[in-house]
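Structure assessment
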Amino acid sequence: MMLPRSARRTTLVAGLIALMLAGAVLVAEAQQGSVRERIRERLAERREGRKVDPAGDGSLARPGTHQGRIEVMGRERLFLVHVPPGYRPGQPMPMVLAFHGGGGSMKLQADDSRYGLISKADSAGFIAVFPNGHSGLPGHHLATWNAGGCCGSARDSGSEDVAFIRALIEYLKQQLTVDARRVYATGMSNGGMMSHRLACELSDQLAGIAAVAGTDASLSCQPRRPVPVLMIHALDDDHVLYQGGAGPEAFRDNSKVMDFVSVPETTQRWVQRNHCGATPQKVLQKPGAWCERYSGCDEGVQVQLCTTETGGHSWPGGGRSRPGKGQPSQALNANDTLWDFFQAQPRR
């Protein structure tokens, strides 16, 4: 029996709706399955300690600033990496790891208006890496580094920061064409202290360090080979005092820091570790700043100390400073100084 035209139209529409609903269900089930698979994969990565990279499609190798993460000893660690315009896959490029100060973050250290390291990477031609320290906050802010005797929750919890950096260096070597003979570390304050610790424990991977406003906080130091060391410090630093100790009004809770080693003592430690000559040579003298270099060290490395008269606890040559840190000295440019120093050192 032939159905009326209106009835046939109703039946056809109902059939189409049924097909659409069935398709939607299949799509939803497929999406749920995909999500379940991703969750299972992520759990497997965590159990096995495998590295996790949201930019695993190779986007890290494109010029620009990218955020990444790796899994180290059961903990997710974050970093930013800036690849300069001159980078070409297959052509090895130097790499500089830059560590933020205590209570900072990778984004703060990568802020070009404060530190200018991204601009320096672009002009000089090196990959700039900004690791994030230990933080219990959701946004990974107010982070610190376990530099040995300092600082904060990273020190108190025994954060495995050396293992993190070791894994990060190896990971980036897989993702980018890194010149393994020219991997350097620098840092501000607690980040500078972390650079000292890495020189002690990763001397086989680092071709030099430059610590700004941060002295040696390592609990023990037995580098496997000589390490070029540059220190940049202001005489009027009121946080990490030039002659040793913590500034009396610089830290809310002094138990979270330490009785800082002085700049002269830190210098002498590296002179002795590298078996350098005892008498330095003045290599820079200008109004507001001077540099002294120790040579005759093992394997041709050097130890250098650059002092600014003013600037407080800040990055010389940098832009705006964090509140309470003092305005950076313009008598010396930390980025130019550290890069010139790195370039002058023997390739490892």
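Residues numbered from 1 in each chain as written. Predicted model: local features only at pLDDT ≥ 70, side-chain atom pairs only at ≥ 80, totals over all residues. Heavy atoms only, no water.

1. As for helix α3 (residues 117–124)
Along α3, the residues classified as buried are L117, I118, K120 and A121. Around the axis of α3, the buried residues are gathered within 160° of arc, so they sit on the same side. Here the buried face of α3 lies against β1 (64–72), β2 (75–83), β3 (93–99), α2 (106–109), β4 (127–131) and α8 (334–344). (Buried < 20%, exposed > 50% of the residue type's maximum accessible area, 1.4 Å probe, protein only. Helix = DSSP H or I, 4+ residues; strand = E, 2+ residues; numbered from the N terminus. Arc of directions from axis to C-beta. Contact = heavy atoms within 4.5 Å.)

2. What about the sheet that holds strand β10 (residues 303–308)?
Judged by pairing direction, the sheet is mixed, and its ten strands sit side by side in the order β1-β2-β4-β3-β5-β6-β7-β10-β9-β8 without closing on themselves. Two strands lie at the open edges of the sheet, namely β1 and β8 (281–286), each paired on one side alone. Taking the axes of each pair of neighbouring strands and ignoring which way they run, one obtains an average angle of 20° across the sheet. Across six bridges, β3 lies against strand β5 (residues 178–188) in parallel orientation. (Pairing = 2+ DSSP bridges. Axes fitted to C-alpha atoms, helices over the stretch in contact; angles between N-to-C directions.)

3. Considerations on the packing of helix α6 (residues 190–201) against helix α7 (residues 263–273)
Relative to each other, α6 and α7 sit at 15°, their axes nearing to 13 Å. Looking at the two axes, α6 sits roughly parallel to α7. Our pair here, α6 against α7, has a crossing hand that is left-handed. Packed against α6, whose contacting residues are H196, A199 and C200, the element α7 presents T266, W270 and R273 at the interface. When the residues that make up the contact of α6 with α7 are grouped by side-chain class, the tally is three nonpolar, two polar and one charged. (Parallel < 35°, antiparallel > 145°, perpendicular 65-115°, else oblique. Left-handed = near helix turned anticlockwise from the far one by under 90°. Nonpolar A, V, L, I, M, F, W, Y, C, P; charged D, E, K, R; others polar.)

4. Re the state of the cysteines
Per the counting criterion, the structure on display carries four disulfides. Sulfur-sulfur distance for the disulfide between C150 and C151 comes to 1.5 Å. Because the torsion about its S-S bond is 85°, the bridge between C150 and C151 counts as right-handed. Per residue, the accessibility class of C150 equals that of C151, and both read buried. What pairs with C276 in a disulfide is C297, and their sulfur atoms sit 2.0 Å apart. Linking C276 and C297, the disulfide has an S-S dihedral of approximately 110° and is accordingly described as right-handed. On the criterion of sequence distance, the pair formed by C276 in the loop between α7 and β8 and C297 in the loop between β9 (289–294) and β10 is long-range, its members being 21 residues apart. Taking the relative accessible area as the measure of exposure, C297 reaches 8% and is therefore buried. (Disulfide = S-S within 2.5 Å.)

5. Quick word on the packing of helix α5 (residues 161–175) against α6
Running from N to C, α5 and α6 cross one another at 70°; their axes reach a closest spacing of 11 Å. The pairing of α5 with α6 is recorded here as roughly perpendicular in orientation. Along its contact with α5, which presents D161, V162, I165 and R166, the element α6 presents M194, R197, L198 and E201. Of the residues belonging to the contact of α5 with α6, the class tally is four nonpolar, no polar and four charged.

The values are spatial; any link to function lies outside them.
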